[in-house]
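Architecture and fold: a report
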Amino acid sequence: MTRNQLRNDRSFSPELPAKRRIRQAFDQAAATYDEAADVQREVCDRLARCFEQIGNDFQPGTVLEAGCGTGYGVQWLRQRWPRAELTLVDFASGMLIASRLQCPCTMQVCADIEALPFADQRFDLYWSSLAWQWNDPRQCLTEAGRVLRPGGRLAVATLGIDNFHELRHAFAAIDDYSHVLTIPTPERLLAHCRVDGWTVNIWQRQAVRRHYPDLRTLLRRVKAVGAREVEQRRPAPFGRTAWQAVTARYEQLREPEGLPLTYDVVWLIAHRLQKVRGAYPTIA
Ligand SMILES: C[S@@+](CC[C@H](N)C(=O)[O-])C[C@H]1O[C@@H](n2cnc3c(N)ncnc32)[C@H](O)[C@@H]1O
């Protein structure tokens, strides 16, 4: 490939260190993901129910699942539209391999959902459950808008700023590093949708909570689904005293069912009749 071809190749985007680590974490979690992903299942099932609410007359010929993981969402998509051509994208090759075992009749593409290697207006439906929060949601939205044909549908579940607020509380006393992924407010995404000309059919936000007997089990569960990376890492691991302090702070939040962990989930269904051209206004 020449340098020019490489530059024009949309699948090529230099990875930031944080993104590389996030990809590696998901790669490593591919083997444990399905057993631990009960929240992810619940979120994806609700995305499907949201889609059903907007009516039955939509028949996509081409469907993209962005950030497919091990392929749970694809089973619903395949059942719902058996004749549609399904394309699965994930940047973690371990996840893609797992998805191929579950859904052999689909096209798997190892790529970045912030820079999709597809032509404009290639798909009728863009589907993504719990992948956008690891990225710049605005860039994901822009790419979704580019690869969707006018009139195509967008179905996204992502996370909001209050995600894992208990972990943030527990780590706050220890140091100034971010131990939890920083996610922009969902209102910002909604504002971007409006500015970019999307008609929002469904916008729902709800806390999905789980309880664990202790911090060790909770963290093991988070790690098993690959959700352990943050954009900024502490150079040295915690010592025993720091862990004791984190545990004590988390214990302050204990409820009768155990230690709580909150996912701040947002579900979005939207469509855009016309492609909006030119530069988008900026939202401060
Ligand atoms: C929490 S998992 C969700 C997987 C699946 N959608 C589900 O509901 O089970 C997030 C997935 O998004 C993928 N992902 C995150 N950022 C991505 C990016 N920029 N490009 C491609 N895949 C990405 C991860 O590799 C991971 O497989």
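Every value quoted in this text rests on a predicted model; they were computed, and no experiment measured them.

Where helix 10 (residues 215–224) meets helix 11 (residues 240–251), the closest approach of the two axes is 11 Å, and the angle between their N-to-C directions is 95 degrees. Here helix 10 lies roughly perpendicular to helix 11, going by the angle between them. Of the residues in helix 11, those touching helix 10 at Leu215, Leu218 and Leu219 are Trp243, Val246, Thr247 and Tyr250.

Turning our attention to the site of the ligand. If you check the shell around the ligand, you find 18 residues, and the closest are Tyr33, Gly67, Asp90, Asp112 and Asn135. The backbone of Phe91 places a nitrogen or oxygen atom 3.1 Å from a nitrogen atom of the ligand. In this structure, a nitrogen atom belonging to the ligand sits 2.9 Å away from a main-chain N or O atom of Ile113.

With that settled, consider the nonpolar core. Of all hydrophobic cores here, the largest spans 61 residues; its most connected members are Phe51, Leu125, Trp127, Leu218 and Leu261. Looking at this core element by element, the count peaks at seven residues for helix 4 (residues 38–53). Among residues more than four places away in sequence, those in contact with Trp127 are Cys44, Leu47, Ala48, Phe51, Leu64, Glu65, Ala66, Gly73, Trp76, Leu77 and Ala155.

For the rest of this paragraph, the subject is the packing of aromatic side chains. Inspection of the entire model under this criterion finds eleven aromatic pairs. Geometrically, the ring pair formed by Phe51 and Phe58 is tilted, given 5.9 Å between the ring centres and 50 degrees between the ring planes. Ring centres of Phe171 and Trp243 lie 6.1 Å apart, and the angle between their planes is 70 degrees; this geometry places the pair in the edge-to-face category. With a gap of 72 residues between them, Phe171 in helix 8 (residues 165–172) and Trp243 in helix 11 connect regions that are remote in the sequence. For Phe171, a relative accessible area of 9% corresponds to the buried category. One aromatic cluster is present, built from ring pairs that chain together Phe51, Phe58, Trp76, Trp81 and Trp127. Its end group placed over the ring of Trp267, Arg46 keeps NZ or CZ at 3.9 Å from the ring centre.

Pairing within the open sheet is mixed, and its seven strands lie in the order 3-2-1-4-5-7-6. Looking at strand neighbours, the two that pair on one side only are strand 3 (107–110) and strand 6 (199–212), the edges of this open sheet. Neighbour-to-neighbour, the strand axes of this sheet turn through a mean angle of 15 degrees, independent of strand direction. Its contacts with the sheet place helix 6 (residues 93–102) against strand 2 (85–90) and strand 3, and it is angled at close to 175 degrees to strand 3.

This part is about the environment of Phe26. Relative to the assigned elements, Phe26 resides in helix 2 (residues 17–29). Distance from Phe26 to Ala92, taken between C-alpha atoms, is 6.0 Å for residues 66 residues apart in sequence.

All right, on to the confidence of the model for the protein chain then. In the predicted model, the protein chain carries a mean pLDDT of 87, and 88% of its residues have values of at least 70. Per-element confidence in the protein chain is highest for strand 4 (residues 123–129), whose mean pLDDT is 98, and lowest for helix 1 (residues 3–8), whose mean pLDDT is 38. Note on residues 1–13: pLDDT under 50 across the span, and 13 contacts to partners over four residues away in sequence or across chains. For residues 278–284, every residue scores under 50 in pLDDT, and the model assigns this stretch eleven contacts once sequence neighbours within four places are set aside.

Backbone geometry places Gln121, a non-glycine residue, at a positive phi of 55 degrees. As for its placement among the helices and strands, Gln121 is situated in the loop between strand 3 and strand 4. Taking relative accessible area as the criterion, Gln121 reaches 37% and is therefore assigned partly exposed. The phi dihedral of Leu130 falls on the positive side, at around 60 degrees, and the residue is not glycine. Tracing the backbone through its elements, the reader meets Leu130 in the loop between strand 4 and helix 7 (137–147).

Quick notes on the rules
Residues numbered from 1 in each chain as written. Predicted model: local features only at pLDDT ≥ 70, side-chain atom pairs only at ≥ 80, totals over all residues. Heavy atoms only, no water. Axes fitted to C-alpha atoms, helices over the stretch in contact; angles between N-to-C directions. Helix = DSSP H or I, 4+ residues; strand = E, 2+ residues; numbered from the N terminus. Parallel < 35°, antiparallel > 145°, perpendicular 65-115°, else oblique. Contact = heavy atoms within 4.5 Å. Near = heavy atom within 4 Å. Polar contact = N/O pair within 3.5 Å; in protein donor to acceptor, adjacent residues only side chain to side chain. Core = buried A, V, L, I, M, F, W, Y, C linked by side-chain atoms within 4.5 Å. Buried < 20%, exposed > 50% of the residue type's maximum accessible area, 1.4 Å probe, protein only. Phe/Tyr/Trp six-rings, centres within 6.5 Å; stacked < 30°, edge-to-face > 60°. Lys NZ or Arg CZ within 6 Å of the ring centre and 35° of its normal. Pairing = 2+ DSSP bridges. pLDDT = per-residue confidence, 0-100.

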